[in-house]
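What follows is each chain in one-letter form.
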Amino acid sequence: MTEALLLPLLVLWPLAVGLGVYALPERASAALQVLGTLVLAGLIGAVFAAASAAETASPEPLRAALGGWAAPLGIELVADRLAQAMLLLTLLVYAAVLLYAQAYFAPGSETARRFWPLAWMLWAGLNAGYLSADLFNLYVALELVGLAAVGLTALTGQSTALAAALRYLLAALLASNLFLLAVVLLYAATGSLALDSIGSHLAAVGTPTWYAKLALALALVALALKTALAPLHFWLPAAHGNAVTPVSALLSALVLKVSLLILLRLWLQFAPALDLAALGLLLALLGLLASVWGSVLALTQRKIKMLIAYSSVAQVGYLFLPFAWLLPGGLGAALALEATVLHLLAHALAKAAMFLAAGVLVLSAGRDDLSSLRGAVAREPLAFAALTLAGVSLIGLPPSLGFAAKWQMMQAALLADQWPWLLWLLGGTLLTAAYVFRVLRLAFLPTSEAFEARAPLPQRLSLCALALALLAALGGFGAAALSDWLAADTLLWPGSGA
Amino acid sequence: MNDWLLPLTLASSLLAGLVIFFLPERSVGWRSALNLGAALLKLACVGAMLWGTQQGISYELRLPFLPGHELLLRADPLGLMFVTLSAVLWLLTTVYAIGYLEDSPNRSRFFGFFSLCVTATVGIALSGNLLTFFLFYELLTLATYPLVVHRGTPQVLQAGARYLAYTLGGGVVLLAAIVWLQALVGPVEFQAGGALLALEATAAIESWVLVAIFALFIAGLGVKAALAPMHGWLPHAMVAPAPVSALLHAVAVVKAGAFGIVRMVYEVFGIEFAHSLGVLLPLAVVASITIIFGSLRALTQDDLKRRLAYSTVSQVSYIALGVALFGPAGTIGGLVHLVHQGIMKITLFFCAGNYAQTLGVHRISQMAGIGRRMPWTTAAFSIGALGMIGVPPVAGFVSKWYLGLGAIESGLGWVLPVLLFSSLLNAAYFLPILRLAWFEPPPPRWPHDVLDAHPSHEPHETAQQPQPRPRDAAPLLLLPTLCAAALALLAGLAAGVPLSPLDWVKFITATEYLP
């Protein structure tokens, strides 16, 4: 019964490290973080091993009930393949970001001292969000993630960051309250908090459809707000664009994804019980709006980090496209889920790499508007290479993971006979290319000698960005294996029949 | 060993390119050695595969890629033809580029992307299925952009933006075609005679759908192949350095598009099937319009590279025209022009680069008497130009001969006047250059003579012996130019010899028409 220990540790260990980092002096805390990351890597490895061992015995995923409380009231953690994939993604992004941040912050910096504990607290919250199998715990995880993320946004204490953080805080609190309200409504009706049986409970109790739909709508609005689906994205660009770079990377790569993951899980539970076709169409259309609006605004930004932040608004939109046909038994539903997960992974890797690389350029140039980065591009070729490779994945050119996601999404749309969405995917390629090349063309502008004279930054910064960018840009070669692995997950698509 | 030939052909330039990115700007020796070594290695690989194919060895490599879709590399006769062309011309262009870019900034970046560009071209040639083709097709777009905007001036960046808008747009249309087709019939592997006929699912598809898919393919590929009205990027892209233009026009981008059209018509749809769908006639019409349009536009250009660019618009459409002529002779004409146009056009662009680099001559009106100053370059230029017009025994004649035969064979009589008129136009925009270059007196001063700019002006050099004035371009520029010109002549003179382009094309053609 190792999993009874293993899964809770994935949440508790980062919390413990966060506390330790807060208490210890700088040098010891750096060592503790390396140790902490390695231990977490070991734990995740053990989860993969245990899960694959458990699956050979039965098709059930790895689960652990905390304190002996089983469903329906207990605190249960489940590591299905989706959660495993997210755990691994988070580990990769965190490893790069933490290494990056150690070189990014000046020694003894006050910002860094605030960054470390909050980052670890965020990691705990993220892992809890992936693993939790009951609604109340999901709420707690979301709250943990939200508070840590807001704190990280405000890290520098500068007025722009504080204003952005305040706005983010209001959005996050509103979202949490809405989500809590949804949880309460559901609990009042069914007497159960277990995620994987909401649908059957609702049917068994005979809840009126409007009641269930209301609860779902509240939860969806809350999660869409956290995922920054347009028009609920208002808080994102300022928060992501003005945060310190390691924070921007974490927020865009991971924080946006955990709420989407929960949204996806809820959707899959409700879909068999309710008729969600119209709602799915609405989500997809909002996604379309987001991708166009985000791209257009990315085209007009003068600051590189704001451009990348608006790109997140656009890319989040694509994650909602498959909801148009993500219905039980629907053709192409399973494929659409795979595509969504692939896109989620691709965007996380590429966007984190982009922010980290942009951070190197901004640090090197001392300014953050696009036109003054030319010299920095010449001084930091590796950061620029990372930016390019991440851009390739974002645009969705082969052989990137972004391309694999786009390809799968197209296949899914065609299988579901939803071909008009293809036009969006294809046209979106060009929109994305347009704003990505606003950055890439910088490399070819002539630079003055004065720019080149400055000393280069530590290579580690660029290499961290490059590692993530390479994963995104070459990830397409692993897409077949990844898709097959995800497709075999039994919990992921209950009742979707495909 | 045989298993390694295919990946090695790709890896030779890919790895060289990646290493070159990291070389410091000053290590000219290492960079040149890597460039040339990789080019020679690639040529050796291609030679070995050509030999092996004749011995009946087949080269194939499959790697897992997307779910249900493999990455497939395969050396079939058609691919081998294109890969041979690229390998040979890459070697020449590498030598040329080393000579051309001496002392210019950002050479590591340039040669890095240069190698990636060739890798992409070779990948396109060796792709065995649609997805692999698309992968390299898009890589080519990405790898050529930095070459086009290499100089970084605002004008160049604008041309680069236009280039990207066109080619990425074309890529999206191509992707749409690929996704649509494969959604109907499953993964498509190229196959002599046409893959669709062999697939059972094809029979169930309505013919308008297939026609629409065909149109999307041609539109997507036609952007790179510069079919009118999608040619708009090409004349602007000539702001790139001369070796890039040479590569772009002869083997890489434009030719990749044309090669793609050949692949789609013959090995996806199959020529017989395309004929029965009735899509060949519209293609022939578009190609003919482009041929005439390109030539007409070329007439009025004074900028030499711009005239050559419009000439490419016109000449590459000969390939599409040959493809659209149903019948072996048309196929032979189109395919052999793929090779011949590459050799001749690279000669012409090398010459344009020689003029610009040696004398600062960019415009045709400045070329009076240039033949006396640079006889070798001008001789090479003359061979290329005469070949483009279709004068025997230069290679271009062979192409036009078979195209004419193909027009008659396919029953499209109106193509003959198009060919004749186009040849007249070719003559009208090339012969005045030759007259100017050979028979007019040279000006007293050239715009920017390398001899004037020679360090002999510096005080410490004046004491030395006055160096003998070289009459022509620098050796590293002249040598590839002359080689290319010789190839253009040889391909025409020795067209009947085994393993000549014509011989190889006839072999391919036989596989496309036999049941």
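What counts and how
- Per chain, residues are indexed from 1 in the order of the written sequence.
- Chain letters start at A and ligand numbers start at 1, both assigned in the order the entries are written.
- Per-residue local features of the predicted model are confined to residues with pLDDT of at least 70, and side-chain atom pairs are confined, for both listing and counting, to 80 or more; whole-chain, interface and lining totals are unaffected and use all residues.
- Only the stretch in contact is used when fitting a helix axis, every axis being a line fitted to C-alpha atoms; angles between N-to-C directions are given from 0 to 180 degrees.
- Secondary structure elements are taken from DSSP: a helix is a run of H or I of four residues or more, a strand is a run of E of two residues or more, and numbering for both begins at the N terminus.
- When an angle is under 35 degrees it counts as roughly parallel; over 145 it counts as roughly antiparallel; between 65 and 115 it counts as roughly perpendicular; any other value is oblique.
- In this scheme the handedness of a crossing depends on how the near helix is turned from the far one: anticlockwise by less than a right angle means left-handed, clockwise means right-handed.
- Our contact criterion uses C-beta atoms placed from the backbone: two residues qualify when those atoms are within 7 Å.
- Classification convention: Asp, Glu, Lys, Arg as charged; Ala, Val, Leu, Ile, Met, Phe, Trp, Tyr, Cys, Pro as nonpolar; all other residues, Gly among them, as polar.
- Each nonpolar core consists of buried Ala, Val, Leu, Ile, Met, Phe, Trp, Tyr and Cys residues. Their C-beta atoms, within 7 Å, join them into a set.
- Our exposure labels follow a C-beta count within 10 Å of each residue's own C-beta, placed from the backbone: buried means 20 or more other C-beta atoms, exposed means 12 or fewer, and partly exposed covers the counts in between.
- By this definition, two strands are paired if DSSP reports at least two bridges between them.

K.L.:
How do you make sense of the packing of helix 6 (residues 159–190) of chain A against helix 8 (residues 209–227) of chain A when you look at a structure like this?
P.N.:
A pair of packed helices can be characterised by two numbers: the angle between their axes and the separation between those axes. Residues and elements named next belong to chain A. Put simply, helix 6 and helix 8 touch, their axes get as near as 8 Å, and they point 155 degrees apart. With respect to helix 8, the axis of helix 6 lies roughly antiparallel. Crossing of helix 6 against helix 8: the hand is left-handed. Two secondary-structure elements touch here, helix 6 through Ala171, Ala172, Leu174, Ala175, Leu178, Phe179, Leu181, Ala182, Leu185, Leu186 and Ala189 and helix 8 through Tyr211, Leu214, Ala215, Leu218, Ala219, Val221, Ala222, Leu225 and Lys226. Here the residues of the contact of helix 6 with helix 8 are counted per class, giving 19 nonpolar, no polar and 1 charged.

K.L.:
Quick question: what am I supposed to make of the nonpolar core here?
P.N.:
Residue and element names in this part refer to chain A. If you look at the biggest cluster of nonpolar residues, it comprises 412 residues, and the most contacted ones within it are Ala352, Ala353, Leu356, Ala357 and Ala472. Per element, the largest residue contribution to this core is 25 residues, and it comes from helix 13 (residues 333–365). Not counting the four nearest positions on each side in its chain, alanine 357 is found in contact with Ala383, Ala386, Leu387, Ala390, Ser462 and Ala465.

K.L.:
How should I be thinking about the interface of chain A and chain B in this particular structure?
P.N.:
Many authors give the size of an interface as the accessible area that is lost as the parts come together. If you look at the interface, chain A gives 26 residues, while chain B gives 20 residues. Taken together, the elements giving at least two residues each to the side of chain A that touches chain B come down to helix 16 (401–415), helix 17 (420–440) and helix 20 (479–487) of chain A. Considering every element that reaches the side of chain A that touches chain B, the biggest residue donor is helix 17 of chain A, with 6 residues. Residues of the side of chain A that touches chain B, tallied by class, amount to 20 nonpolar, 4 polar and 2 charged.

K.L.:
Can you walk me through the pairing of strand 2 (residues 75–79) of chain A in this structure?
P.N.:
Residue and element names in this part refer to chain A. Judged by how many residues are buried, strand 2 sits mostly within the fold: 5 of 5 residues are covered. Here strand 2 shows two buried faces, one formed by Ile75, Leu77 and Ala79 and the other by Glu76 and Val78. Of the strand pairs in this sheet, strand 1 (residues 62–66) and strand 2 are connected by 5 bridges, and their pairing is antiparallel. If you follow leucine 66 over to strand 2, its bridge partner there is isoleucine 75.

K.L.:
How should I be thinking about the environment of B:Ala120 in this particular structure?
P.N.:
Residue and element names in this part refer to chain B. Among the secondary structure elements, alanine 120 is positioned in helix 4 (residues 107–126). Using a count of 27 C-beta atoms within 10 Å as the deciding quantity, one classes alanine 120 as buried. When the C-alpha positions of alanine 120 and valine 148 are compared, they lie 16 Å apart, and in sequence the two are 28 residues distant. When near neighbours in sequence (up to four residues on either side) are disregarded, alanine 120 contacts Phe136, Leu139, Leu140 and Ala143.

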